[in-house]
Amino acid sequence: MARSMVSSSRDAVVCSDAPWPGSLETFDRPRNYDGLNKVMVDVEGVMEEVMLDPERGPILIERDGSQMYAMLNYAQADYSGRHTTRIEKTWTYLTSTERTVFLHMVAKKNKRTRELVK
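Starting from 1, residues in each chain are numbered consecutively following that chain's sequence as written. Note on the predicted model: pLDDT of at least 70 is required for a residue's local features to be given, and 80 or more for side-chain atom pairs to be given and counted; whole-chain, interface and lining totals, by contrast, use all residues. Based on all heavy atoms of the structure, the side-chain values leave hydrogens and waters out of the count.

K.L.:
Mind laying out the overall build of the protein, listing which residues take part and the relevant values?
P.N.:
In this text, helices come from DSSP runs of H or I with a minimum length of four residues, and strands from runs of E with a minimum of two, each type numbered from the N-terminal end. The helix and strand inventory of the protein stands at one helix and six strands. Listing each helix as α and each strand as β along the protein from the N terminus yields β-β-β-β-β-β-α. Looking at the protein residue by residue over its 118 residues, the buried ones come to 35%. The criterion used for residue contact is that any of the two residues' heavy atoms lie within 4.5 Å. If you take every contact in the protein between residues at least 6 apart in sequence, the share linking residues at least 24 apart comes to 65%. Accessibility throughout is a Shrake-Rupley quantity obtained with a 1.4 Å probe, and a residue counts as covered only by protein chains that appear here. Accessible surface, the protein: about 7700 Å² in total, of which carbon and sulfur atoms supply 53%. Relative accessibility under 20% of the residue-type maximum defines a buried residue, over 50% an exposed one, and the middle range a partly exposed one, all with a 1.4 Å probe and only protein chains included.

Okay, here's the thing in structure tokens:
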């Protein structure tokens, strides 16, 4: 069973910049967010602005107001439910669908963080 989650990284250090394990040798990077430094995402009827780095991806807002690069983690669990591996997939290797879903996840998390701070 595969699960994914959003985590943050202040320096955007990744485990590997190699292609996703088991993927094809060549990967045509999606271009659906190229040239953008922010994206507006509809979260429950409210437009949420997500800042975007072209190489590192969306930026999370922390409770103290600091900003961190978001990372998409895939954790693999065995039959007992324990995590056996964790892989971080960088923005440059996300498919266009993963990028869109990831932006929505970050937008929702940023919205919740702002609501908690108020």
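K.L.:
Give me the pairing of strand 2 (residues 38-43): which residues, what numbers.
P.N.:
Burial along strand 2 is one-sided: the face carrying Val39, Val41 and Val43 is buried and the face carrying Lys38, Met40 and Asp42 is not. Relative to strand 3 (residues 46-53), strand 2 runs antiparallel, the two being bridged by six bridges. Along strand 3, the bridge assignment pairs Met40 with Glu49. With antiparallel pairing between neighbouring strands as the criterion, strand 2 and strand 3 make up a hairpin whose turn holds two residues, including Glu44 at a positive phi of roughly 55°. Being paired, for any two strands, means DSSP has found at least two bridges between them.

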